[in-house]
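Letter by letter, the chains look like this.
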Amino acid sequence: MLVLHHAWRSSASRRVRLCLEEKGLAYEGHVVDLAKMEHHSPEYLKINPNGVIPALIHDGRPLYESGTICEYLDEVFPDPPLSPDNAYDRAAMRNWVRHVDERIHNLIIFNWRHDLQKVAEKWTDAELEAHLEKIPSKERREAWLRVARRPYTEEERAGARAKLVELLDRMEAALGKTAWLAGSRYTIADIAVVPFVKRIEEEIAPDQVAPSAHPRVAGWWAAIQARPAFARASIGPFVDP
Ligand SMILES: N[C@@H](CCC(=O)N[C@@H](CS)C(=O)NCC(=O)O)C(=O)O
């Protein structure tokens, strides 16, 4: 049995949902309310000690890190495969996942101001202190402190936007060599990037996903959205219309 602790708009959760849907795996979903800090509760920290979502429980055993979860699912449920069939492309796939993970902060700068900042900025100093104490990582304590008290500036957003556009440049180059990001097959590398491209397209730099700016990325994005698993994974708009 598979149980997924996730949130509909969380990028890392979206990756795992895409993977599960590509494989046609049924799962029980538990939505974690980040605004209520449910992911820092003692019960949740037993499942994911990093205090972030998603987490997957397979037959009673917990797993975390979306990239790791996707690789695990691909090993345990190999059909249809979501990894390349050769070692070189598999290495390239892992480097894509790593590269995307390193850029999550640039997405936080855009994502958290919508919902989480609105909650955090209302906390009193004592409430803020109490929340920060429960956050396991220094990096995320800093992110919560920023949205609560010193929201990211326009200059920081411009820097983050540039880093996210660089991701598209890198994809454009890769797609000039291979059909998908890590070879001839749709893989976990493509899945890792989907939630980023979704956010870039809908808010951060929509013009950059257009064929005039990154033609191969635009074609890749159209192909991604046409996949039945994309609809089943509910990769909807991040911001309510
Ligand atoms: N590297 C982790 C990143 C997970 C992550 O950053 N999750 C976000 C949602 S996309 C989260 O839980 N944010 C809430 C917080 O940091 O307090 C993974 O891929 O699973």
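Residues numbered from 1 in each chain as written. Predicted model: local features only at pLDDT ≥ 70, side-chain atom pairs only at ≥ 80, totals over all residues. Heavy atoms only, no water.

### Some details on the site of the ligand
Close contacts around the ligand come from 14 residues, with His-39, Ile-53, Ser-66, Arg-140 and Trp-144 the closest. Measuring from a nitrogen atom of the ligand, one finds a backbone N or O atom of Ile-53 at 2.8 Å. Between Ser-66 and the ligand, the recorded distance is 2.6 Å, taken from a side-chain N or O atom to an oxygen atom. Burial of the ligand by the protein amounts to 92% of the accessible area it has alone, namely 510 Å². Only α1 (11-22) and α8 (138-149) provide two or more residues apiece to the shell around the ligand. The residue makeup of the shell around the ligand, split by class, is 6 nonpolar, 5 polar and 3 charged. (Near = heavy atom within 4 Å. Polar contact = N/O pair within 3.5 Å; in protein donor to acceptor, adjacent residues only side chain to side chain. Areas by Shrake-Rupley, 256 points an atom, 1.4 Å probe, with all protein chains shown as cover. Helix = DSSP H or I, 4+ residues; strand = E, 2+ residues; numbered from the N terminus. Nonpolar A, V, L, I, M, F, W, Y, C, P; charged D, E, K, R; others polar.)

### Structural notes on the nonpolar core
With 65 residues, the main nonpolar core has Leu-73, Trp-144, Met-171, Leu-181, Val-193 and Trp-220 as its most contacted residues. Element by element, the count of residues in this core is highest for helix α10 (residues 188-204), at 10 residues. Taken domain by domain, the makeup of this core includes at least three residues from each of domain 1 (2-76) and domain 2 (87-113 + 152-231). Counting residues in hydrophobic clusters, the runner-up holds 8 residues, among them Ala-7, Val-32, Ile-47 and Ala-55. (Core = buried A, V, L, I, M, F, W, Y, C linked by side-chain atoms within 4.5 Å. Buried < 20%, exposed > 50% of the residue type's maximum accessible area, 1.4 Å probe, protein only. Domains from an automatic or database assignment.)

### Points about the sheet that holds strand β3 (residues 55-58)
Taken together, the 4 strands give an open sheet; going across it, the order is β2-β1-β3-β4, and neighbouring strands pair in mixed fashion. Lying at the two open borders of the sheet, with one neighbouring strand each, are β2 (28-31) and β4 (61-64). Looking at each pair of strands side by side, their axes are set apart by 20 degrees on average, direction ignored. Of the strand pairs in this sheet, strand β1 (residues 2-6) and β2 are connected by 4 bridges, and their pairing is parallel. In the strand pairing of β2, His-5 is matched with His-30. (Pairing = 2+ DSSP bridges. Axes fitted to C-alpha atoms, helices over the stretch in contact; angles between N-to-C directions.)

### Some points on unusual backbone geometry
Across the junction of Ile-53 and Pro-54, the peptide omega takes the value 10 degrees, indicating a cis bond. For the bond running from Asp-79 to Pro-80, omega is -5 degrees, close enough to zero to count as cis. By secondary structure assignment, the location of Pro-80 is in the loop between α3 (66-76) and α4 (87-102). Residues other than glycine seldom take positive phi values, yet Met-37 does so here, at roughly 60 degrees. Residue position: Met-37 is located in the loop between β2 and α2 (42-47). Even without glycine at this site, Glu-65 takes up a positive phi of about 75 degrees. Position of Glu-65 relative to the elements: it lies in the loop between β4 and α3.

### What to know about the state of the cysteines
Taken as a whole and judged by the stated rule, the model has 0 disulfides. Left unpaired, Cys-19 is separated from the closest cysteine sulfur, that of Cys-70, by 3.9 Å. (Disulfide = S-S within 2.5 Å.)

### Some words on the pairing of β4
As judged from the 4 bridges shared by β3 and β4, these two strands associate in the antiparallel manner. Bridging across to β4, His-58 finds its partner in Arg-61. Counting the residues in the hairpin turn of β3 and β4 gives 2 residues, including Asp-59, whose phi is positive at 50 degrees.

### Remarks on the domain arrangement of the protein chain
Taken domain by domain, the protein chain comprises domain 1 (2-76) and domain 2 (87-113 + 152-231). Listed by partner, the interface residues are 12 residues for domain 1 and 17 residues for domain 2. Roughly 1,300 Å² is buried in total at the junction of domain 1 and domain 2, and carbon and sulfur atoms are behind 62% of that figure. In terms of surface lost to domain 2, no three residues of domain 1 exceed Arg-15, Leu-18 and Glu-22, which account for 47% of the buried area on that side. (Contact = heavy atoms within 4.5 Å. Buried area = accessible area lost by both parts, 1.4 Å probe.)

### Details of the packing of aromatic side chains
Each aromatic ring pair is summarised here by two numbers: the centre-to-centre distance and the angle between the ring planes. In total, this model carries 5 aromatic pairs according to the counting rule given. Centroid distance Trp-180 to Tyr-186: 5.2 Å. Interplanar angle 80 degrees. Geometry classified as edge-to-face. The exposure classification of Trp-180 matches that of Tyr-186, with both residues buried. Between Trp-221 and Phe-230, the aromatic rings sit 5.8 Å apart at their centres with planes inclined by 85 degrees, giving edge-to-face as the arrangement. The burial state of Trp-221 is the same as that of Phe-230; both residues are buried. Among the aromatic residues, those joined into a cluster by ring pairs are Trp-112, Trp-123 and Trp-144. Its guanidinium or amino end placed over the ring of Tyr-186, Arg-227 lies 3.7 Å from that ring's centre, counting from NZ or CZ. (Phe/Tyr/Trp six-rings, centres within 6.5 Å; stacked < 30°, edge-to-face > 60°. Lys NZ or Arg CZ within 6 Å of the ring centre and 35° of its normal.)

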